[in-house]
Every structure is written in structure tokens, then in C-alpha cells.
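Take a look at the letters that make up each chain.
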Amino acid sequence: MSGPRDVTAYLSATKVAASTPADLRPHFDVFEDLYDRKLWHQLTVALNEFVALPHAAPFLVPLYNEFVSDWQNRMNQLSLVQFVARASRTIKDPAASLAFLNKQVVRLKDQPENRDSYVLAAMEAAHIKLVSNDLDGCKDGIDECEKILNDLPAVEPVINASFYRVSADFYKAKAMYPQFYHNALLFLSSTSLDELSAAEKAERAFDLSLSALLGDGLYNFGELLMHPILDSLTNSPSAWLRSLLFAFNSGDHATFEKISKSPEFLKLPLLVSALPFLSQKLCLMSLIESVFRRPKEERGRLPFTVIAKDTNVLPSEVEHLVMKALSLGLVKGSIDEIDSCVSITWVQPRVLEVGQIRSIAEKLTAWSGSVKEKVVALENEGGADVSAAAE
């Protein structure tokens, strides 16, 4: 735009246009007034309020082209990118949407003082590339932005949320379950659940649950089990998946056998085809749980028969199972083939769910009682020695 007169003309014309809903018209008066007075911060706030209105979507792109672009350099750049990203989502053609957003990516790329805003613009562009099936372009954006974020001392949560959301969606498209799992949880730590719709909560909980089960190297679901996102599966058609996660975390073979034969489970080819992997994973998690709930004294000498019972494997398969756990770094210790027992000196740290925290509390109570008994015994022995010396 060449000057204030053009901007004013656009605002005035849009305000009185028949296509402009009545509830939006007062906002154009506010825009014009604040623009004339050069109150850029207040104008940014007013723009953010406008974006949130139900009928505002069709006006966002022309509002940028005819109005916001005139004073965008005076605007908070992070707010500007958020506005442009919101506007780009109203453009149905992905190529046109990307071109619209890329104007900000190009403009901000060589502005060191606005690297955080650049990351947000680049990640929103990467998301459009992902939707357009340009996976390589999306990954390039993720890699570039990750390097920038690593160099920034701190960023706004909205930037982290965008980075981890797009990263998680990319790894979901590539069926890279561990990477999806970690990035999806980081996304949830960067955003409020109130900002997600009920459908999105349920979808993310479902995807996270599947990735936890199918992810190679994921043997601790505690962080997911304690996250409120999982509550979106309760009383839903996918409630069985939530129960399955808890069964894995506690080493519950009976529940696994029951659910794995259910119609809901059998409708998911991903899980059905992974049954051998899931069975082994459950055995390994059962071993971890078995070691975890035992006191240190018992961990020093666990008979094969005990491990076989807890992990639902044959005694002849225990040695192979423990070797697998040792190679994965889930436990540390040694195997005594002669006496058919295992000595565990360390078990992988875990994020604990409520039942496991209760188990630790019980252990601490028992330990405290044992200490008290020993103190009383020592005191009694000391008293007896003093009496004997006096005699």
C-alpha cells in the first residue's frame, strides 16, 4: 500500500460492504482509529481479538494484503506471524497457502533479532509442506529450525508448540513411533489442553497410545499414563487402548491376552501384525516391573522360576529374556546359569503412575518400620550391657 489514504479507503469500504457481518463492522472503525493515531500495540491487540471472532476467517487474507502489510514492520513480529499463519489456513489451495506464508519466511530469514518469529513462520510453512506430501521439504524445515532453537536462550511456548506439533506429525507420517511419541509429548507440554478440541484430544491420545505400544525402545509409559490427555479415551470406543497401556505398564498378561483377542484390537492391522513384538515387549516390561517391586535384598538373587512366573515365559526362556533386557539397558546385573538365578543391581529409572508410587510408599513404610525395630533392639542391647556392667 502506498499510504494511509488507501488503507482508510479499504477499511471504510469493508465496513459498509453488504458481505460484512454486523458484528464485525465496529472492529473496522477501531482499526481505522488506532491506525490514524499510530497506536501499533493497541492495534495489534485489536487485530488479535478480531481473529478470534467466528465470522472473521474470510476477511483475514484481504485484511493482511490491504491493511496489515502497510504497518507490519511496526507490529510485534511474533504476533504478525501468528496472524499470517491463521490467515493462511483459510486458503484452500495448499500451494497458494504456502506462497502466502512464505512471504514472511523470506522477509524474516535475514533478521537476527527475529529468529524466534522466523522459526514459527518456517514451521507453519513446513506443516503445509507436510500436508502437501512434501516430506523432504518438511524435514528440511524441522532440521533448520531445530538448530536455531538450540541456539536461542528462550522462546515463547507457542513456538515450541508449533515445532513439536509439526515434528510429531512428520514422524507420524513416517511411522517412526519413538520419535513421534517424544515429540507429541513435548507438544502437549508446550500447549494447554484447553486449546485442543475434544476430537483432537482423542486423536492425539489414540496416536500416542499406539506409538507407545509399537515404539521400539519405549518401555516406560508412565509419563503418558499420568497425562490428562489419556482421559479423553475413557468412556470412548477406544477405552480398551487405555486399558492395554496400563496392562503393559504393570505387566498384566491376562488383560493383554483378553484385549488382544477383542474385536477392537483385531480391527487394527498395525497391532495384529505386531503381536510377536508386543508379546516380547510385555515380557520385558513384566521383568522390569517384577524387579522394581521387589526390595533390594531379593533383587540380588532372583530364581529363574520366579522370573518365569512373573513374565509368563518358560523357565528355559528366562535366560534369553534377561539377556535381552541387559542388552537393551533396561536392567544391569548378572546371570548365574549354575544356580539358575539372576542378580539385578540396577533397573531403568521410570516415570511412575499412581499404583507404582503407592508401591514405593509401602516400601518406605516397611523400611521405616525395620529401621525403628533395629534402633529399639540396639537400645535394648545397650541397656542390658549397662546393667550388666553395674552388677
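Reading the values: the criteria
Residues numbered from 1 in each chain as written. Predicted model: local features only at pLDDT ≥ 70, side-chain atom pairs only at ≥ 80, totals over all residues. Heavy atoms only, no water. Salt bridge = Lys/Arg side-chain N within 4 Å of Asp/Glu carboxyl O. Helix = DSSP H or I, 4+ residues; strand = E, 2+ residues; numbered from the N terminus. Buried < 20%, exposed > 50% of the residue type's maximum accessible area, 1.4 Å probe, protein only. Pairing = 2+ DSSP bridges. Polar contact = N/O pair within 3.5 Å; in protein donor to acceptor, adjacent residues only side chain to side chain. Contact = heavy atoms within 4.5 Å. Expected span 1.5 Å × (residues − 1). Disulfide = S-S within 2.5 Å. Axes fitted to C-alpha atoms, helices over the stretch in contact; angles between N-to-C directions. Parallel < 35°, antiparallel > 145°, perpendicular 65-115°, else oblique. Left-handed = near helix turned anticlockwise from the far one by under 90°. Nonpolar A, V, L, I, M, F, W, Y, C, P; charged D, E, K, R; others polar. Core = buried A, V, L, I, M, F, W, Y, C linked by side-chain atoms within 4.5 Å.

This brings us to the pattern of salt bridges. Should their charged atoms come close, side chains of opposite charge can pair. This structure, assessed with the given rule, holds 14 salt bridges. In this structure, R204 engages D169 in a salt bridge whose closest nitrogen and oxygen atoms are separated by 4.0 Å. Pair noted here: R204 is in helix 11 (residues 198–214) and D169 is in helix 9 (residues 157–173), with a separation of 35 residues, a long-range link. In this structure, the salt-bridge partner of D310 is R293, at a minimum N-O distance of 3.5 Å. Of this pair, D310 sits in helix 19 (residues 304–311) while R293 sits in the loop between helix 17 (275–292) and helix 18 (296–299), and the two are 17 residues apart along the sequence. Assessed through its relative accessible area of 39%, R293 is described here as partly exposed. Via salt bridges that share partners, R293, R294, E298 and D310 belong to a single interconnected network.

Our focus in this paragraph is the sheet that holds strand 2 (residues 331–336). The antiparallel open sheet is built from three strands, whose spatial order is 1-3-2. The open sheet has two free edges, formed respectively by strand 1 (302–303) and strand 2, since each of these has just one partner strand. In this sheet, strand 3 (residues 341–347) lies alongside strand 1 in antiparallel orientation, the contact comprising two bridges. Paired with L302 across the bridge in strand 3 is V342.

Within the secondary structure layout, S162 lies in helix 9. Reaching out from S162, the side chain makes a polar contact with the side chain of E124 at a distance of 2.9 Å. Excluding its chain neighbours within four sequence positions, the residues that come into contact with S162 are L120, M123 and E124.

Let us look at helix 13 (residues 239–250). For helix 13, built from twelve residues, the straight-helix expectation of 16 Å at 1.5 Å per residue is met to within 8% by its first-to-last C-alpha distance of 17 Å. Taken together, the buried positions of helix 13 are W240, L241, L244, L245, A247, F248 and N249. Backbone geometry just after helix 13 places G251 at a positive phi near 70 degrees.

Before going further, it helps to examine the pairing of strand 3. Bridging between strand 2 and strand 3 involves six bridges; their strand directions are antiparallel. The residue bridging K332 from the neighbouring strand is W346, located in strand 3. Remark: four residues form the turn of the hairpin made by strand 2 and strand 3, two consecutive strands paired antiparallel; S340 in that turn has positive phi of roughly 55 degrees.

Applying the stated rule across the entire model yields zero disulfides. With no disulfide of its own, C145 lies closest to C138 among cysteine sulfurs, the gap being 9.9 Å. We classify C145 as buried; its relative accessible area is 0%.

Close contact between helix 7 (residues 115–131) and helix 8 (residues 135–151) brings their axes to 8 Å; oriented N to C, the two are set at 160 degrees. In terms of orientation, helix 7 and helix 8 fall into the roughly antiparallel class. The chirality of how helix 7 crosses helix 8 is left-handed. Contacts between helix 7 and helix 8 involve R115, Y118, V119, A122, M123, A126, K129 and L130 from the former and L135, G137, C138, G141, I142, E144, C145, I148, L149 and D151 from the latter. Of the residues belonging to the contact of helix 7 with helix 8, the class tally is twelve nonpolar, two polar and four charged.

The next subject is the nonpolar core. The biggest cluster of nonpolar side chains holds 114 residues, and the ones touching the most others in it are F31, L63, F67 and V68. Among the elements that make up this core, the one with the highest residue count is helix 7 (ten residues). Beyond its immediate sequence surroundings of up to four residues, F31 is in contact with L11, L43, A46, L47, F50, L63 and F67.

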